[in-house]
Amino acid sequence: MALTRVTRLSRTLFASVVVTGAVLVAPLAAHAVPHPQSPAPKTSAQVNATLHELARSSEKLAEQLDQAQIDVGTAQRQAAQATRAAAAAQVQLHAAQHLLAASLASQYKAASFSRTAALMASSSTDGYLQTIQAMNLLTQHQGEVQRIAARAIATSDAAAARAKAAVATALAKRALIAQRQAALTKQVAKYRALLATLTAAERARYYTPVKPPSPATVAQVVAKAVAPVVPMVPVATSRTLTSPPPVRSTPTPAPTPTPTPTPTPTPTPAPTPTPAPTPTPAPTPSASRGAAAAISAARAQLGKPYAWGAAGPNAFDCSGLTAWAWRAAGVSLPHSSAGQQGTGSRVSRSNLQPGDLVFFGSPVYHVAIYLGGGLIIHAPTTGDVVKIVSLSSMSDYSGATRVG
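In what follows, the accompanying structure is described. (Residues numbered from 1 in each chain as written. Predicted model: local features only at pLDDT ≥ 70, side-chain atom pairs only at ≥ 80, totals over all residues. Heavy atoms only, no water.)

1. Describing the overall build of the chain
Part 1: The helix and strand tally for the chain stands at 9 helices and 6 strands.
Part 2: Put simply, the chain has 404 residues, and 33% of those count as buried.
Part 3: With an accessible surface of roughly 23,600 Å², the chain has 62% of that area assigned to carbon and sulfur atoms. (Helix = DSSP H or I, 4+ residues; strand = E, 2+ residues; numbered from the N terminus. Buried < 20%, exposed > 50% of the residue type's maximum accessible area, 1.4 Å probe, protein only. Areas by Shrake-Rupley, 256 points an atom, 1.4 Å probe, with all protein chains shown as cover.)

2. Some details on the packing of aromatic side chains
Part 1: This structure, assessed with the given rule, holds 2 aromatic pairs.
Part 2: For the pair Phe 316 and Trp 324, a centre-to-centre distance of 5.5 Å together with 80° between the ring planes defines the contact as edge-to-face.
Part 3: You can call Phe 316 buried: its relative accessible area is 0%.
Part 4: Accessibility expressed as a relative area gives 25% for Trp 324, which makes it partly exposed.
Part 5: Ring plane angle 80° and centroid distance 6.1 Å describe the contact between Phe 360 and Tyr 397, whose orientation is recorded as edge-to-face. Taken together, the positions of Phe 360 in strand 2 (residues 357–360) and Tyr 397 in strand 6 (residues 397–402) put the pair 37 residues apart, joining distant regions of the chain.
Part 6: Phe 360 sits in the buried class, given a relative accessible area of 1%.
Part 7: For Tyr 397, a relative accessible area of 23% puts it in the partly exposed group. (Phe/Tyr/Trp six-rings, centres within 6.5 Å; stacked < 30°, edge-to-face > 60°.)

3. Brief notes about the pairing of strand 3 (residues 366–372)
Part 1: With 7 of 7 residues buried, strand 3 is to be regarded as a mostly interior element.
Part 2: Here 4 bridges tie strand 2 to strand 3, and the two strands are oriented antiparallel to one another. If you follow Val 358 over to strand 3, its bridge partner there is Ala 368.
Part 3: Where strand 2 folds back onto strand 3 in an antiparallel hairpin, the turn is made up of 5 residues, including Gly 361, whose phi is positive at roughly 90°.
Part 4: Strand direction decides the pairing type here: strand 3 and strand 4 (residues 375–378), joined by 3 bridges, are antiparallel. Considered in strand 4, the bridge of Ile 369 is made with Ile 377. (Pairing = 2+ DSSP bridges.)

4. Examining the packing of helix 7 (residues 289–299) against helix 8 (residues 318–327)
Part 1: Where helix 7 meets helix 8, the closest approach of the two axes is 7 Å, and the angle between their N-to-C directions is 130°. Considered as vectors, helix 7 and helix 8 are oriented oblique to each other. Once helix 7 is placed against helix 8, the crossing between them reads as right-handed. Contact residues: helix 7 offers Gly 290, Ala 291, Ala 293, Ala 294, Ala 297 and Ala 298, while helix 8 offers Leu 321, Trp 324, Ala 325 and Trp 326.
Part 2: Here the contact of helix 7 with helix 8 is built from residues that sort into 9 nonpolar, 1 polar and no charged. (Axes fitted to C-alpha atoms, helices over the stretch in contact; angles between N-to-C directions. Parallel < 35°, antiparallel > 145°, perpendicular 65-115°, else oblique. Left-handed = near helix turned anticlockwise from the far one by under 90°. Contact = heavy atoms within 4.5 Å. Nonpolar A, V, L, I, M, F, W, Y, C, P; charged D, E, K, R; others polar.)

5. Brief notes about unusual backbone geometry
Part 1: Residue Gly 312 is joined to Pro 313 through a cis peptide bond whose omega torsion reads 0°.
Part 2: Among the secondary structure elements, Pro 313 is positioned in the loop between helix 7 and helix 8.
Part 3: Cis geometry marks the peptide bond from Ser 362 to Pro 363; its omega dihedral reads 5°.
Part 4: The backbone of Asp 396 shows a phi angle near 70°, a positive value even though the residue is not glycine.
Part 5: Position of Asp 396 relative to the elements: it lies in the loop between strand 5 (387–390) and strand 6.
Part 6: Judged by its relative accessible area of 36%, Asp 396 falls in the partly exposed class.

6. Remarks on the sheet that holds strand 1 (residues 345–347)
Part 1: Strand order in the open sheet formed by 6 strands is 1-6-2-3-4-5, with antiparallel pairing between adjacent strands. In this open sheet, the two edge strands, each paired with only one partner strand, are strand 1 and strand 5. With direction set aside, neighbouring strand axes in the sheet form an average angle of 40°.
Part 2: Here strand 1 runs beside strand 6; their pairing, made up of 3 bridges, is antiparallel.

7. What about helix 8?
Part 1: Burial runs high along helix 8: 8 of the 10 residues are buried.
Part 2: When we look at burial in helix 8, the residues that qualify are Cys 318, Ser 319, Gly 320, Leu 321, Thr 322, Ala 323, Ala 325 and Trp 326.

8. Here we look at the nonpolar core
Part 1: Residues Trp 326, Leu 357, Ile 369, Leu 371 and Ile 377 are the most contacted members of the largest nonpolar core, which totals 30 residues.
Part 2: At the level of elements, helix 6 (215–225), helix 7, helix 8, strand 2, strand 3 and strand 4 are the ones that each hand at least two residues to this core.
Part 3: The residues contacting Trp 326, other than those within four sequence positions of it, are Gly 290, Ala 291, Ala 294, Val 331, Leu 333, Gly 355, Leu 357, Val 403 and Gly 404.
Part 4: Core analysis: the next-biggest nonpolar cluster, separate from the first, contains 10 residues, Ala 368, Ile 376, Leu 391 and Ala 400 among them. (Core = buried A, V, L, I, M, F, W, Y, C linked by side-chain atoms within 4.5 Å.)

9. Things to note about the pattern of salt bridges
Part 1: Summed over all chains, the structure comprises 3 salt bridges.
Part 2: With a closest N to O distance of 2.9 Å, Arg 402 and Asp 356 form a salt bridge. On the criterion of sequence distance, the pair formed by Arg 402 in strand 6 and Asp 356 in the loop between strand 1 and strand 2 is long-range, its members being 46 residues apart.
Part 3: Classification of Asp 356 by relative accessible area gives buried; the value is 2%. (Salt bridge = Lys/Arg side-chain N within 4 Å of Asp/Glu carboxyl O.)

In structure tokens, the structure reads:
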């Protein structure tokens, strides 16, 4: 009975894992959660305001979707572990059943199923006591086997229940977010069509409301950020850091008598003071080797489009870009802004260094890489591309972390 139960549990859980994987790769449901219809914008300012609002809402949902996908992956691994636990429990039960069967067979052959039978089969008191002792040991062994089997079943059942619950919760969350995102996608498409009726200058103002940094400024900041870190060396040489070399006396020939004043003795030169090292001013500190590699990898993606859930190589969302960039430096980051905020060590805005991750929103929904000089590189939002902007042009700044 127990063996059948565990076998059925294992098969059910395995089927759950397979179905979960199938759901993840299947197309998202076409039925979206109804979204209230907003009044149609009539002016370019209204179009811009509506698009900004929808873009921010969509990015928050995209962040939640990224986290939900991480949760689903974790739940799938838990389900797989539970399946293996159920299989192990099945093997353990099978072995216990063999032991139990052997014990019962031994008792049957010895005609010792009861104390009365043992008494009747014994020829002496000592033989009877030995038989009773053997029966007690067998009974204790059977009880231990049954307890081991019961614990294995309970452990497997609990693991399976937790895994199934985690998978169900993650899938439900993912499906709900996907439906809501589908509704917002339709709204964004509608307002993008209205944006297309504006002039090129008006569209440019929407995508770049703040004047971008000049190419020369960007080049200067990046050059400082990725410059190799060179230890500061004092201007003084090793000779000036010690006592001056002794002055060797040279034999002076006898002076020719002339009406010249008495020669002034040459003073012993005083030790040359050690000059203080002159630090090189560095408004933009150089990045660490890892940060420099991450910055270079991110800059190589400039101009590539933003796409929800994308992590390269042809498109990116915000956390996909930062994860891609730091992967080039040998650092693995989760594909989630919230997940990345939990890595590394927190740094204040005044202590930002090139390569730091900067976050926006509370709860966080956007992430970028700090370049130095007040500039960041990020994948902004739908319809835009990976680009470099000023940190001060971004709203909702909520913190930063250093991962390399």
